[in-house]
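Summary of the model geometry
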Amino acid sequence: QVQVVESGGGLVQAGGSLRLSCAASGIRFSINAMGWYRQAPGKQRELVADITSGGYTTYADSVKGRFTISRDNAKNTVYLQMNSLNPEDTAVYYCNARSWDRGLRYDYWGQGTQVTVSS
């Protein structure tokens, strides 16, 4: 059974920090990349940060310099260190894991964890 489980969300004041964790298990094929997306009320889900198995990272412009994504390949776990948080970072954060097999892409999602930043 595939499981993608996030943890670490919560309420924090502006300027504060949070660390999100996500562990994936039960995925048949090797995970090529893991990442974090977020969705604020009334907005579309957007990429926050992404990391490949080789360590290549991608960040949304809005979080560059404040957020850091890292990964433990052996544990299929990804982390998101979020610093200097501001109210615009308030959203539900979703973990994504994806695999490729014979040209087909498989996406796996967590249930989401709420991050609320108060001003």
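Scroll up to find the structure this text is about.
Residues numbered from 1 in each chain as written. Predicted model: local features only at pLDDT ≥ 70, side-chain atom pairs only at ≥ 80, totals over all residues. Heavy atoms only, no water.

1. Here's the deal with the side chain of Arg71
What counts, and what does not: The helix count covers DSSP runs of H or I at least four residues long, the strand count covers runs of E at least two residues long, and both are numbered beginning at the N terminus. For the exposure calls, accessible area comes from a 1.4 Å probe over protein chains only, and a residue counts as buried if that area is under 20% of its type's maximum, exposed if over 50%, partly exposed in between. Positive charges are assigned to Lys and Arg, negative charges to Asp and Glu, while His and the chain termini are left out of the count. Each reported salt bridge corresponds to a side-chain nitrogen of Lys or Arg within 4 Å of a carboxyl oxygen of Asp or Glu. Within 3.5 Å is the distance limit for a polar contact, defined as a pair of N or O atoms, with the added protein rule that one can donate a hydrogen and the other accept it, and that residues adjacent in sequence qualify only through two side-chain atoms. The contact rule is simple, with two residues in contact once any of their heavy atoms fall within 4.5 Å.
Summarising the element assignment, Arg71 is placed in strand β7 (residues 67-72). In this structure Arg71 is buried but unpaired, with Asp50 as the nearest side chain of opposite charge at 7.3 Å. Engagement of the side chain of Arg71 in a polar contact is seen with the backbone oxygen of Ile31, the distance being 3.0 Å. A distance of 3.4 Å separates a polar side-chain atom of Arg71 from the backbone oxygen of Ile51. Leaving out residues up to four positions away in the same chain, Arg71 has contacts with Ile31, Asn32, Ala33, Met34, Ile51, Thr52, Ser53, Thr77 and Val78.

2. Some thoughts on the nonpolar core
Which entries qualify depends on this criterion: Here the nonpolar core consists of buried residues drawn from Ala, Val, Leu, Ile, Met, Phe, Trp, Tyr and Cys, with membership extended through side-chain atoms lying within 4.5 Å.
Membership of the largest hydrophobic core comes to 29 residues, with the highest contact counts inside it found for Trp36, Leu80, Met82 and Tyr93. Residue assignment for this core shows that the elements contributing at least two residues are β3 (18-25), β4 (31-39), β5 (46-52), β7, β8 (77-82), β9 (91-101) and β11 (113-118). Apart from residues lying up to four places away in sequence, Tyr93 is in contact with Glu6, Leu20, Trp36, Tyr37, Arg38, Val48, Phe67, Leu80, Met82, Gly112, Thr113 and Val115.

3. Side note on the side chain of Ser21
Looking at where Ser21 falls in the secondary structure, it is placed in strand β3. The residues touching Ser21, leaving out its near neighbours within four places in the chain, are Val5, Glu6, Ser7, Trp36, Val78 and Tyr79.

4. Things to note about unusual backbone geometry
It is generally the case that most residues other than glycine have a negative phi and that most peptide bonds are trans. A positive phi angle, near 50°, is found at Ser84, a position not held by glycine. Here Ser84 lies in the loop between β8 and β9. With relative accessibility at 42%, the residue Ser84 sits in the partly exposed group. Although it is not a glycine, Arg102 sits at a positive phi angle of roughly 50°.

5. So, the environment of Val12
Relative to the helices and strands, Val12 resides in strand β2 (residues 10-13). Residue classification places Val12 among the buried residues on the basis of a relative accessible area of 12%. For the pair Val12 and Asp101, spaced 89 residues apart in sequence, the C-alpha to C-alpha distance is 40 Å. Filtering out sequence-adjacent residues up to four positions away, Val12 remains in contact with Ser17, Leu18, Leu85, Thr116, Val117 and Ser118.

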